[in-house]
There are 2 protein chains.
Amino acid sequence: MNGAEVLVATALQAGVEVCFANPGTTELPLVAALDGEPGVRPVLGLFEGVVTGAADGYARMTAKPALTLLHLGPGFANGIANLHNARRAYSPIVNIVGDHATWHRPYDAPLTSDIESLARPVSGWVRQTATSSDLAADVADAIAAARSHGGQVATLVVPADCQWGESGPPARPRAITPPAAVPDDAVRAVAKVLSSGEPAALMLGAAGLTAAGLRLAGRIASATGCRLFTEKSPAQVDRGADLPAPERLAYFPEDATRMLGGVAHLILAGARPPVTFFAYPEAPSSETPAGTAEHRLAAPRDDVIGALAYLADLVGNDRPPVPKAVARPELPGGELDPATAAMTLAAMQPAEAIVVNEATTMARAYFSASAGAAPHTVLSLTGGAIGQGLPSALGAAIACPDRPVIAYQADGSALYTSQALWTMARERLDVTVLILSNRRYRILEVESERAGVQRPGAASTRLTQLDDPAINWVSLANGYGVDARSASTTEELESALTAAFPEPGPHLVEVVL
Amino acid sequence: MNGAEVLVATALQAGVEVCFANPGTTELPLVAALDGEPGVRPVLGLFEGVVTGAADGYARMTAKPALTLLHLGPGFANGIANLHNARRAYSPIVNIVGDHATWHRPYDAPLTSDIESLARPVSGWVRQTATSSDLAADVADAIAAARSHGGQVATLVVPADCQWGESGPPARPRAITPPAAVPDDAVRAVAKVLSSGEPAALMLGAAGLTAAGLRLAGRIASATGCRLFTEKSPAQVDRGADLPAPERLAYFPEDATRMLGGVAHLILAGARPPVTFFAYPEAPSSETPAGTAEHRLAAPRDDVIGALAYLADLVGNDRPPVPKAVARPELPGGELDPATAAMTLAAMQPAEAIVVNEATTMARAYFSASAGAAPHTVLSLTGGAIGQGLPSALGAAIACPDRPVIAYQADGSALYTSQALWTMARERLDVTVLILSNRRYRILEVESERAGVQRPGAASTRLTQLDDPAINWVSLANGYGVDARSASTTEELESALTAAFPEPGPHLVEVVL
């Protein structure tokens, strides 16, 4: 076996089933090795941002790493933005980056660059394979690293000669370091705070937002009266039907701080301390109100579920809380705007949908509207690097072929990685894409107003408005082989979704706002 | 004045006229500052790869830096691939990367990352501004760095508080370090080699491939009988009419070495020593044949023109060489294939065109066909990071509004940064885009055959073929607001170009191969 074959065999033994790829010449031995191993499914992206974003969506839905196959420094670089999001979602991903043969590097051929310097900022684990004999161990280590500590990005740089050179047998899967258990004392301290009678809130993140975590949080809230929040940009939240529906912390700091007003104790369960997304002159970075005490129950990569379970036992009885009766939303009708678009989707979305919400300024409207929707899972933009939505939707669809996937997507960010539409068509994925077309970087208009700009000048307008020319999303989607239609009224949106949901996808609906 | 205003004023004083941008919240003070300074033209790209590729095309055609405006680590990362190409083209570019306010960084907000680690691999100069008072000096230094030593990428990270904070006056332009002069002795040594009577070749790169460099090289060749080559992936070559037309070194090593066969002395004039693009098992990295002596007349960032001028004086007389009569190509007619497509373009292209050639496996066909075309300039893919063509074409069109621009573009690489089409439409740029649609990563098929793969398996096919579904380029272009048509025969291609060239652009022609 050559190194590439050993790499693939080692990955397969460790449970890897998918390889999202955009290979080049330095990865061809790996492509040939995939030819010999039908157990690993190759999925082509037309751009590496699609590849890494898909791996992120896949990881969030399976808690398992896919491989990515990337071409030297520039190919890796194209995938960095979505790896940045993946890192902040604690997604397990194993990047395999081909590099020049070891002896070729000193010649500084055109594609030579410092891959490690590019990889470090987005990877929890980085290694460069030295010889083909090391490759099996390196791959096993990379996969174990990706799955350890609650999930992280692992990047392995594999020179071409380590792929084509003879190698030993595949390596067995390595032991995985599980999320750290929270010491009993720490949980008891939080229980004491919750029993103090002072107003408290539980802010959930990471595993705390799975159905299991939410039910435990619901028990704690029912027993103690504490409020429930999700962090600002949760990687994944189970939602709908009778699941406890925490409030989502607002984007702007004054709103977030207002939401937390009156809370004497803020307990972090898998969430990081709330901080502002950006800084503003003379404003604090922390959103925790003055006078509110922060308590950490569990860090995101701790055993959040274990900590919540013990806490629930300590503070309450075993009776499940009375499910909060959140009504399934009704079709709003009327004018099509961000609010009615969100309500229409929430009313119509099929059960067990995965909703990838990269609607930026329109994201909260959907989150609010969908509390009582049919059971579903929402993935959101953890790292703020736009262009995550469409790729992650495709990755989620590969991960969960039995669940309908919905991309609820702002237009400006969709344009970063619209090539994902092509892979959706190629793989016949059941994804319904709603493009919320407001033809502007709305967030920049809002932030500019907040910064006191009264009347934007020519440059501001030129750099925030996307209406000259307006993107024709139906044409663009058709160009990528995706069926599409446009909706300018709530009735047209209803009719488009009525057509799209029952039919195997992909479908795109341009929501003209 | 605040820091942002000082930055813009300093840049304007140093001759900066264009800012290619995709700003975010951390760059809004800079956007507001551009509102107040109409002398710097803001050009929006829908993705940062478009922004940096445009800055590269602009720099190659003007030898002047544009600013790029990029949003923190992820925004910068999206631009890395084309900065990699720019670095290898010695293009002067000044990246302005907004970052969180200095005090906000320790809070590790979602978009926080190590920007310097991302920037170093593609930047000859990197700095992070510490306070708003330092900003004027930092910008002046960055611009001077970009323009020094024959051109390089300079990256300045500017925290938001350094933009909005009060600052001093703008800084005056700094002195630029010009390309290093080649010592007379070194030139005389080369002259001696050329006078030895042994077969010699001059391999040209960098400024050696401008019209001035080529005419000098022509004089040297005429006086000494040496052959002329261009390096493999030249940043820029002036071509056509009576200009000496060096052979372009072939892509594959055996072809390149064969081309250099019989050359006793290979003289590098602005070119780097020829090395293989990729490594192959048991093949040398250098393409200089055994027994051929390499001599360096001038490194790419030296004063290549000065060295060639002195060399021409040493070896010859002042009579210009008899122009080589390369006939203007004729329309080939017949079946549409890569060769006839190239000949059709070469026959029809208007005078003074700038041709951005990212046709990958089809690039050489055009280069061969166009030696006798109307005078033009060819830009090519210096760093091998695909997705450079469309953005650089738009940058070249901004740089040279009086010259027609042609993007001769493979489909697979066009799909990396197709968003550039939108900016072409928005800025009403006279660009004619030919998409050579072969619906495959042809280079990977060829390299796979070379590696001995006889019959590609399912994974290989799945990862190299783009025909399921086929991209509809007319739809895609229309989606971005660009007029487009498809050509399946040479007659249709002629007719499409006949329509496109006289009309202000942009236009796209899908060349179906």
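Fair warning: this is a prediction, and the values are worked out from it, not measured in the lab. (Residues numbered from 1 in each chain as written. Chains lettered and ligands numbered in written order. Predicted model: local features only at pLDDT ≥ 70, side-chain atom pairs only at ≥ 80, totals over all residues. Heavy atoms only, no water.)

Observations concerning the state of the cysteines
Any covalent bond linking the sulfur atoms of two cysteines counts as a disulfide.
Alright, step 1. Counted according to the given criterion, the structure contains zero disulfides over all chains.
Alright, step 2. A disulfide-free cysteine, Cys162 of chain A has its sulfur positioned 18 Å from the sulfur of Cys19 of chain A, the nearest such atom.
Alright, step 3. The exposure class assigned to Cys162 of chain A is buried, which follows from its relative accessible area of 1%.
Alright, step 4. Counting only cysteine sulfurs, Cys19 of chain B is the nearest neighbor of Cys400 of chain B, a cysteine outside any disulfide, at a range of 19 Å. (Disulfide = S-S within 2.5 Å. Buried < 20%, exposed > 50% of the residue type's maximum accessible area, 1.4 Å probe, protein only.)

Some words on the sheet that holds strand 4 (residues 93-99) of chain B
Residues and elements named next belong to chain B.
Alright, step 1. Strands sit in the order 2-1-3-4-6-5 across an open sheet of six strands; the sheet is parallel. The strands lining the two open edges of the sheet, one partner per strand, are strand 2 (41-44) and strand 5 (125-128). The sheet shows a mean angle of 20° between the axes of neighbouring strands, taken without regard to direction.
Alright, step 2. Relative to strand 6 (residues 153-159), strand 4 is paired through seven bridges, and the arrangement is parallel. Counted as the bridge partner of Val94 is Ala154 from strand 6. (Pairing = 2+ DSSP bridges. Helix = DSSP H or I, 4+ residues; strand = E, 2+ residues; numbered from the N terminus. Axes fitted to C-alpha atoms, helices over the stretch in contact; angles between N-to-C directions.)

Re the interface of chain A and chain B
Alright, step 1. Of the residues lining the interface, 94 residues belong to chain A; the matching set on chain B comes to 95 residues.
Alright, step 2. Buried surface at the junction of chain A and chain B, both sides included, amounts to about 7800 Å², of which 62% is carbon and sulfur.
Alright, step 3. Where chain A meets chain B, there are eight salt bridges.
Alright, step 4. No other element matches helix 19 (residues 458-464) of chain A, which puts six residues into the side of chain A that touches chain B.
Alright, step 5. For the side of chain A that touches chain B, the residue count by class is 49 nonpolar, 31 polar and 14 charged. (Contact = heavy atoms within 4.5 Å. Buried area = accessible area lost by both parts, 1.4 Å probe. Salt bridge = Lys/Arg side-chain N within 4 Å of Asp/Glu carboxyl O. Nonpolar A, V, L, I, M, F, W, Y, C, P; charged D, E, K, R; others polar.)

Focus on the packing of helix 1 (residues 3-13) of chain B against helix 2 (residues 28-35) of chain B
To describe two helices that pack against each other, one gives the angle between their axes and the distance between the axes.
Residue and element names in this part refer to chain B.
Alright, step 1. Where helix 1 contacts helix 2, the axes come no closer than 8 Å and their chain directions differ by 55°. Here helix 1 is positioned oblique relative to helix 2, judged by the angle of their axes. For the pair helix 1 and helix 2, the sense of crossing is right-handed. Contact residues: helix 1 offers Ala4, Glu5, Leu7 and Val8, while helix 2 offers Pro29, Leu30, Ala33 and Leu34.
Alright, step 2. When grouped by side-chain class, the residues that make up the contact of helix 1 with helix 2 number seven nonpolar, no polar and one charged. (Parallel < 35°, antiparallel > 145°, perpendicular 65-115°, else oblique. Left-handed = near helix turned anticlockwise from the far one by under 90°.)

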